[in-house]
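Each chain is listed here by its residues.
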Amino acid sequence: MPSHRQAQPLMIEGKNSDLSVPNGDGSLIKQNESPIINTPASNQPYNPESFARRRPIRFLFCFTGLQLSYLTWGYMQELIMTTTFTPTASAPDGRFPSAAFCVFSNRFLAIIVAVIAVKIRHGAVVANNVAPLMAFAPCALSNTMSSWSQYASLRYVSFPVQTVFKSSKIIPVMIMGRVLKGTGYPTSQYAEAFMITVGVAIFSIFSKSSDRDNITDMIGLLFMCMYICFDCFTSQWQDKVYVKYGRANVDPYQMMLGVNSSAILMTTTGLIVNGDIPKIIEFFKVNPIVLNYNIISAISSASGQLFIYNTIKEFGPIVFTVIMTTRQMLSICVSFLIFQHPVSVKALCGVLIVFGVLFYQGLRGLFSWTIIECRLRRFSDERSGAGGVMA
């Protein structure tokens, strides 16, 4: 599954650090610099009128693509892991026997898409890569383990509980940032993290089904904690790769290729060592519809990764965070409606607390970015006016 970042806190690398914001084309603008403004899709000078006309269409394209991709992927994920299919000798309970294969199928298609994207952008698949394959191995391992933990947890907890719990990822992100890079955070970020934790706790407690025992809940909690920890390590390690080899030398598609290349080796090895392949083949023979579900899941996962990179490139991570927070809420609604999970008013209060904080973070960042964009446009207008006077 794709590894995307959810409402990560603003990182402050030191007291005298310059604030850098995304320029929409993969570059960063420092607060005290006077940037040359380019459109995200080209190296042509920034034209406010033409860019403003295209921007709503691009946003609608990215928003729709992300929602369709990840709503489909989430639905397929829950359908595969929670449905009781026709039992087989190796799966007498009728449940799909291998979460690792779900990860494998996603990585298999993702690597094909990455190869095509890198070939188109760079003219070669490997020759122009600056970062070696081993540089991606640690985050490929953590990405594989986080995806496996996410699929496996659905055997023990509902999809809404999993989705809300994943929103607390901001806490280990802050811990990892502090431990790995010495990053500091303002007090407001800790307060927001605390509120998210409270919301997650309320939802988890009051959404518990009476037919589940405490051991089952603890196993599900363990898998979700594994998911969050591995996923936070993934994003931090990817950032280290960008810093070490240069963001200009490692674009998102090369990152996608490097991570999935290592991940496909790991998942294949895991399937062979655990003896899952015969069980999966037997299950597909008896339940061929499950193979179709896995294919749809892989397609939606791969398309989702492409929309992630395109959205961040066009609009920056703040807009992306708001879109994905909306997607999480929609996913929970879809899961409640289709799979008919019981939910209480108290549990809904927990959901509102979590997503209220997440939306506040996203809108606060979006407001700050809008102010910066206005300053950039004013700078462009002033520069254009000065050019006209000189002419």
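This is a predicted model, so every value here is computed, not measured.

A. Region of the structure containing the side chain of Gln-162. With respect to the helices, strands and loops of the structure, Gln-162 is situated in helix 4 (residues 159-166). Look at Gln-162 and you get buried, because its relative accessible area is 1%. With near-sequence residues (within four places) excluded, Gln-162 lies in contact with Gln-77, Gln-150, Ser-153, Leu-154, Val-157 and Met-224.

B. Local environment of the packing of aromatic side chains. If you walk through the whole model with that rule in mind, you get 16 aromatic pairs. Look at Trp-73 and Tyr-151: their rings are 6.4 Å apart centre to centre, the planes differ by 80 degrees, and that puts the pair in the edge-to-face class. On the criterion of sequence distance, the pair formed by Trp-73 in helix 1 (residues 48-82) and Tyr-151 in helix 3 (residues 137-153) is long-range, its members being 78 residues apart. With relative accessibility at 2%, the residue Trp-73 sits in the buried group. Linked through ring pairs, Phe-85, Phe-96, Phe-101, Phe-104, Phe-108, Phe-283, Phe-284 and Tyr-293 together constitute an aromatic cluster.

C. Layout of the environment of Asp-251. Tracing the backbone shows Asp-251 in the loop between helix 7 (214-245) and helix 8 (252-273). Judged by its relative accessible area of 9%, Asp-251 is buried. For the pair Asp-251 and Tyr-309, spaced 58 residues apart in sequence, the C-alpha separation works out to 9.6 Å. Ignoring sequence-local partners within four residues, the contact set of Asp-251 consists of Arg-121, His-122 and Tyr-242. A polar atom in the side chain of Asp-251 sits 3.1 Å from the backbone nitrogen of Tyr-253.

D. Focus on the packing of helix 2 (residues 99-122) against helix 8. Contact geometry for helix 2 and helix 8: axes closest at 8 Å, N-to-C directions at 150 degrees. In terms of their interaxial angle, helix 2 and helix 8 are classed as roughly antiparallel. Crossing geometry of helix 2 relative to helix 8 is assigned as left-handed. In terms of residue class, the contact of helix 2 with helix 8 is built from 18 nonpolar, six polar and two charged.

E. Summary view of a nonpolar patch on the surface. Taken together, the side chains of Phe-108, Ile-112, Ile-116 and Ile-120 make up a nonpolar region of the molecular surface, amounting to roughly 410 Å² of accessible area. Inspection of the secondary structure assignment puts Ile-112 in helix 2. For Ile-112, a relative accessible area of 37% gives the class partly exposed.

F. Up close: the environment of Val-322. Along the chain, the position of Val-322 falls in helix 10 (residues 288-339). Judged by relative accessible area, Val-322 falls into the buried class, the value being 15%. Taking the C-alpha atoms as reference, Val-322 lies 7.3 Å from Leu-363; in sequence the two are 41 residues apart. In contact with Val-322, other than residues within four places in its own chain, are Phe-359, Gly-362 and Leu-363.

G. Up close: helix 6 (residues 187-206). For helix 6, spanning 20 residues, the distance from its first C-alpha to its last is 29 Å, which sits close to the expected 28 Å at 1.5 Å a residue. Residues Gln-189, Glu-192, Ala-193, Ile-196, Gly-199, Val-200 and Phe-203 constitute the buried set of helix 6. One side of helix 6 holds all its buried residues, which, seen down the axis, span an arc of 125 degrees. In helix 6, those exposed residues whose orientation departs by more than 90 degrees from the buried face are Thr-187, Phe-194 and Ile-205.

H. Just empty space enclosed by the protein, in detail. Across all of its chains, the model carries three cavities of 30 Å³ or more by this definition. Here the second largest cavity defines a volume of roughly 50 Å³. Breaking the lining of the second largest cavity down by element, the ones donating at least two residues are helix 1 and helix 10.

I. Seen up close, the nonpolar core. Counting residues in each nonpolar core, the largest one holds 47 residues, and the members touching the most others are Leu-66, Met-81, Phe-96, Phe-101 and Tyr-151. Sorting the residues of this core by element identifies helix 1, helix 2, helix 3, helix 8, helix 9 (276-286) and helix 10 as the ones contributing at least two each. The dominant element in this core, judged by the number of residues it contributes, is helix 2, at 12 residues. Not counting residues up to four positions away in its chain, the partners in contact with Phe-96 are Ile-80, Met-81, Phe-101, Cys-102, Arg-155, Phe-283, Phe-284, Val-290 and Asn-294. Core analysis: the second largest hydrophobic core is formed by 24 residues, Phe-165, Ile-196, Phe-336 and Val-354 among them.

J. Region of interest: the packing of helix 4 against helix 6. Contact geometry for helix 4 and helix 6: axes closest at 9 Å, N-to-C directions at 165 degrees. Considering their axes alone, helix 4 and helix 6 lie roughly antiparallel with respect to each other. In the crossing of helix 4 with helix 6, the sense of the turn from one axis to the other is left-handed. Seen from helix 4, the contacting residues are Pro-160, Val-161, Val-164 and Phe-165; seen from helix 6, they are Val-200, Phe-203 and Ser-204. Here the contact of helix 4 with helix 6 is built from residues that sort into six nonpolar, one polar and no charged.

K. Focus on the confidence of the model for the protein. Residue-level pLDDT values for the protein average 77, and 75% of them are 70 or greater. For the protein, per-element mean pLDDT is lowest for strand 1 (residues 20-22), which scores 39, and highest for helix 9, which scores 95. For the stretch residues 1-48, pLDDT sits under 50, and the model shows 115 contacts to residues farther than four places along the chain or on other chains.

L. A look at the pattern of salt bridges. Counted according to the given criterion, the structure contains one salt bridge. Between Asp-251 and Arg-121 there is a salt bridge whose closest N-O contact spans 3.1 Å. Of this pair, Asp-251 sits in the loop between helix 7 and helix 8 while Arg-121 sits in helix 2, and the two are 130 residues apart along the sequence.

Rules of the game
Along each chain, residues carry numbers from 1 onward, in the same order as the chain's sequence is written. Predicted model: local features are reported for residues with pLDDT of at least 70 only, side-chain atom pairs are reported and counted for 80 or more only, and whole-chain, interface and lining totals are derived from all residues. In computing side-chain properties, one takes all heavy atoms of the structure into account and sets aside hydrogens as well as water. Per the convention used, a helix needs a DSSP run of H or I reaching at least four residues, while a strand needs a run of E reaching at least two, with both numbered from the N terminus. Exposed residues in this analysis have more than 50% of their type's maximum accessible area, buried residues have under 20%, and partly exposed residues fall in between, with area computed by a 1.4 Å probe over protein chains only. We call two residues in contact whenever any of their non-hydrogen atoms come within 4.5 Å of each other. Each Phe, Tyr or Trp ring, with Trp reduced to its six-membered ring, pairs with another whose centre is within 6.5 Å; inter-plane angles below 30 degrees give stacked pairs, above 60 give edge-to-face pairs, and intermediate values give tilted ones. Polar contacts here mean pairs of N or O atoms no more than 3.5 Å apart (in protein, one a potential hydrogen donor and the other a potential acceptor; neighbouring residues in sequence count only if both atoms are side-chain atoms). Only the contacting stretch of a helix is used when fitting its axis, a line to C-alpha atoms as for every element, and angles between N-to-C directions run 0 to 180 degrees. Comment on the angle field: the value is read as roughly parallel under 35 degrees, roughly antiparallel over 145, roughly perpendicular from 65 to 115, and oblique elsewhere. Each helix crossing is assigned a hand: it is left-handed if the near helix lies turned anticlockwise from the far helix by less than a right angle, otherwise right-handed if that turn is clockwise. Note on residue classes: Ala, Val, Leu, Ile, Met, Phe, Trp, Tyr, Cys and Pro are nonpolar, Asp, Glu, Lys and Arg are charged, and everything else, Gly too, is polar. Patches draw on residues past 30% relative accessible area with no salt bridge. Two like charges within 9 Å are joined, as are two nonpolar side chains (Val, Leu, Ile, Met, Phe, Trp, Tyr) within 5 Å. Using a 1.4 Å probe, the Shrake-Rupley method yields the accessible areas, and only the shown protein chains count as cover for residues. What makes a salt bridge here is a side-chain nitrogen of Lys or Arg within 4 Å of a carboxyl oxygen of Asp or Glu, nothing more. Working rule for helices: expected span equals 1.5 Å times residues minus one. Throughout, the arc means the angular range of directions from the helix axis out to the C-beta atoms. With a 1 Å grid laid over protein atoms only, a set of points is called a cavity when a 1.4 Å probe fits there but cannot get out and a pocket when it is open yet has protein on both sides within 12 Å along at least five of seven lines; lining residues have an atom within 4 Å of a point. Grid points are joined across faces, edges and corners, and a volume is the space filled by probe spheres set on the points. By nonpolar core is meant a set of buried Ala, Val, Leu, Ile, Met, Phe, Trp, Tyr and Cys residues that side-chain atoms within 4.5 Å join together. Each residue carries a pLDDT value, the predictor's own confidence for that position, ranging from 0 to 100.

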